[in-house]
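# Fold and geometry: a report
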Amino acid sequence: MKNKTLILVDGSYYMFRAYHALPDFRNSSGAHTGVIYGVMNMLKKLLREHSPDYFAVVFDAKGKTFRNDLYPEYKANRPPAPEELVSQIRPLHEIIAASGFPILVIDDVEADDVIATLAKQAESSGMNSLISSGDKDLAQLVNDHISLINTMQDVVLDDQAVRKKFGIGPEHIIDYLALVGDSIDNVPGIPKVGPKTAVKWLNEYGDIDQIVEHRDQIKGKVGEYLRENVEQLLLSRRLVTLKCDVELDYRPVDLKLGQPDLDILREHYARWEFRSWLHELDRAGNDTPVAAVPPAGAGNPCETILTKKALDTWLRRLQDSELFALDTETTSLDYMQARIVGVSFAVTPGAAAYVPVAHDYADAPPQLDREYVLEQLRPLLEDPQRHKVGHNLKYDMEVLANHGIALSGIAHDTMIASYVYNSTASRHDMDSLAEKYLGVTTTHYEDVAGKGSKQIPFNQVSLEAAAPYAAEDADITLQLHRHLYPKIQQQPELDRLYRDIEMPLLPILARIERRGVIVDEQILQQQSDELAAEMQALEIKAHELAGEAFNISSPKQIQAVLYDRMQLPVLSKTPKGQPSTAESVLQELALEYELPKLILDYRSLSKLKSTYTDKLPQQIDPDTGRVHTSYHQAIAATGRLSSSDPNLQNIPVRTSTGRRIRSAFVAPQDCVLLSADYSQIELRIMAHLSGDAGLLDAFANGEDIHRATAAEVFEIERDEVTEDQRRSAKAINFGLIYGMSAFGLARQLGIERSAARKYIERYFDRYPGVREFMDRIREQARTDGYVETLFHRRLYLPEINSRNAMRRQYAERTAINAPMQGTAADIIKRAMISIDNWLETSTLQAHMIMQVHDELVLEVNRKHLEEVEGQVRRLMANAAELDVALEVDVGSGDNWDQAH
């Protein structure tokens, strides 16, 4: 006879996951609804998939618990819950109760303690318990009768899975957690003891008591930390041990699902505008059948696969195809958190199929099990000989990795193909490309999921709408490939760029993104506090200079202070005729006036605080404990990679404040961060492309290029060059690469325009090859309409012959800069490919974790540092053959700032 099952839901975990995972859903009055919506969907899904005999949703109570009596600092670091989440707690509890789910909120203990007590009671009465949570503390409960499920990931943790995930069994989880500690809950643990060390000690000694008994045998700094913190360790063990004897008014057998209170639910659903749920209630007791998804017959251009037989037919079609298009529909745009809702394919234009696996709206038709579908697809998706094409396949690759599938055989990507073919012709999203190249207006996501606050997740989209939309994505992808790739093949240089650089880079970027980087929350919090203090000091000083208090963040009030009260000169006006407070205007005013400079300094600190020190902790993935950026191959026209969420490219490195932010990017235990940065790569490329003898000689002789330029421009001996003169020469060297005019150089150096013009003329007299190159490249751009990098990446310049002087001059400056910036981008991409190829076959413990401008950052085990450093330097230096050597500056340290 099968044991009865009790499901215990960690409601507090569900709430926070829904808050962070879903868009900012609101009703028409602006009230937040995403947490309510997300939690209820997850509860319904859990109930539907497991059909338990007993069920309870457990939430943390307000206020402190017995653990705060043991350790007052317990959870002291946690910020208060956001108001938009708090506002949804009470209605969520009411809706859960009205839906018939038993709900428990017990004072003086945490939800985990209540769950532990009920699970143990259920075990003693012969029941099996399934605990739905992502909290690792609950792994200590796992045994033959108690297992965990992370509903967001559909991952079940039984005894074997716990051992695989942690390297130890459930019986050692308490000791493991005590050793490692928890920065979120402020459980102290032992300093510098991470998961690897904890597992090593537990496997060697057995438990904490034995570790403490043998503490004198543990060598090194970490042994000292252990011996110094024995009492702290024993306290940590008490803090992480779940209480299994909470006094409760309920027993597991009391936790039966009740009948829903339809009136209360209807009132809530109307208030929060959950229209599909309201519709479901209105249909209760109604015998009107729900419209079924029409079966897709042979030859139907859009087939919805709902049976194993239909899936088998399509599997055979895919296996027989030389190339097929692939697309996934998911729960989130966050590739680390997204889970598959459905998969679509196309093998010939005009015929595609969609396999829904997780549409869970009311009355959704039965669908094939997601795990079954993915296991059937796994051999095909992981076969490198089965070629696939997609649009932004990096995302699909990472989502499939969330389900344990390593996508291989990535042959083409239409987003990258469009970018290589013409980076500036249009945006590279599928809808834009379909319109431009196929003359097709596609169905947009908003057409099927809604817009803004009313947008629903894809799993709630009806199959009638979802299937044609998803199948169209695969179909259009295949059509775009058949249109674009032949155009690339007609130009062998572009084909090599596509095949040898951009496509091989795609899986490498996916690996880097998934690896992520550790950021130290405490360092960032400290920096946020310091920035706030600095901003306050600047604000006070600004008020003193202005002679009145004003909102330093308000352009309107700044305008009034600068131009009305202080009568500063109006250098520029807005389109509406108002004096401008734009950054470029304030920079010019700051050359003569102190207040504009203070405002700029304030803006700079405010941006760092809001963009990095405040936001980075919020971007830490709850499952990995790391920050995972997204790299974009098809945005910057020159070939440069860009990144977002967070944007790593914009962390300033020239200011001490920016460098401090880099110090929060840290290495894990036993590792260091290694930074490898090309030295003056664009100037070296300029020397190569221009062939200027003076530049080539300076680099060949290993000279300081800025000092050499200063000696030439200021007509002095090199050992007479001052630091100010060197800085001026540096501005000239880099300014001319970017097509800087005498006006721009004068403003940057704070000198007369005539002096700046003289410096530039003297520079070209000394380096005539540079002037000849610039003249040549401008003329070539006018004739061809584009310029190329050393590796034949093209940048089209549609404004190069414009009658508008401003647009034409901008295009000319771009024509000069793009070959150098683009070549630098190509070189570092080639270096990344070489390094990745080496790391994939090497036994050394090292991983690329970031690419920022001309710099690569790796996470390296300390014992392998010397070998990795030498190999990285060699591979980067050999990434291109130029007439001047590529030099690589390599450093290492416990954090990114130390390494750079």
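In this text the structure is predicted, and so the values were computed from the model without any measurement.

## With respect to the overall build of the chain
Across its full length, the chain carries 36 helices and 22 strands. Its C-alpha atoms give the chain a radius of gyration of 31 Å, near enough to 29 Å, the size a compact globule of 900 residues would have. By principal-axis analysis of the C-alpha atoms, the chain measures approximately 95 × 75 × 65 Å. Within the chain, buried positions represent 52% of all 900 residues. Across the chain, contacts joining residues at least 24 apart in sequence account for 67% of those joining residues at least 6 apart.

## Remarks on the pattern of salt bridges
For the structure shown, the criterion picks out 50 salt bridges. The residue Arg 511 makes a salt bridge to Asp 836 at a minimum N-O spacing of 2.7 Å. Separated by 325 residues along the polypeptide, Arg 511 in helix 21 (residues 492-515) and Asp 836 in helix 34 (residues 805-841) bring together distant segments of the chain. We note a salt bridge from Asp 826 to Arg 793, for which the minimum N-O separation is 2.7 Å. Here the residue Asp 826 occupies a position in helix 34, and Arg 793 occupies one in the loop between strand 18 (786-788) and strand 19 (794-796), the gap between them amounting to 33 residues. We note that Asp 826, like Arg 793, is buried. Through salt bridges with shared partners, one network takes in Glu 703, Glu 712, Glu 715, Arg 718 and Arg 766.

## Quick word on the pairing of strand 8 (residues 323-330)
On any regular strand, side chains alternate: one points to one face of the sheet, the next to the other face. Among the eight residues that make up strand 8, eight are buried, leaving the element largely enclosed by the rest of the structure. Side chains Leu 323, Ala 325, Asp 327 and Glu 329 project from strand 8 onto one buried face, and the interleaved Phe 324, Leu 326, Thr 328 and Thr 330 project onto a second face that is buried too. Sheet topology places strand 8 next to strand 11 (residues 387-390); three bridges connect them, and they run parallel. Opposite Phe 324, over in strand 11, you have Lys 388 as the bridge partner. Looking at chain direction, strand 8 and strand 9 (residues 340-348) are connected through six bridges and run antiparallel. Looking at strand 9, one finds that Ala 325 is bridged to Ala 346.

## Comments concerning the sheet that holds strand 20 (residues 846-852)
Read across the open sheet, the four strands follow the order 20-21-17-22; overall the sheet is antiparallel. Each edge of the open sheet carries a strand with a single partner, namely strand 20 and strand 22 (888-893). Each neighbouring strand pair of the sheet contributes to a mean axis angle of 20°, computed without reference to strand direction. Judged from the six bridges that link them, strand 20 and strand 21 (residues 855-861) form a sheet pairing that is antiparallel. In the strand pairing of strand 21, Met 848 is matched with Leu 858. Packed onto the sheet, helix 34 meets strand 17 (671-678), strand 20 and strand 21 and runs at close to 170° relative to strand 20.

Criteria and thresholds
- Residues numbered from 1 in each chain as written.
- Predicted model: local features only at pLDDT ≥ 70, side-chain atom pairs only at ≥ 80, totals over all residues.
- Heavy atoms only, no water.
- Helix = DSSP H or I, 4+ residues; strand = E, 2+ residues; numbered from the N terminus.
- Rg over C-alpha atoms; globule rule 2.2 N^0.38 Å.
- Buried < 20%, exposed > 50% of the residue type's maximum accessible area, 1.4 Å probe, protein only.
- Contact = heavy atoms within 4.5 Å.
- Salt bridge = Lys/Arg side-chain N within 4 Å of Asp/Glu carboxyl O.
- Pairing = 2+ DSSP bridges.
- Axes fitted to C-alpha atoms, helices over the stretch in contact; angles between N-to-C directions.

That is the geometry; function is a separate question.
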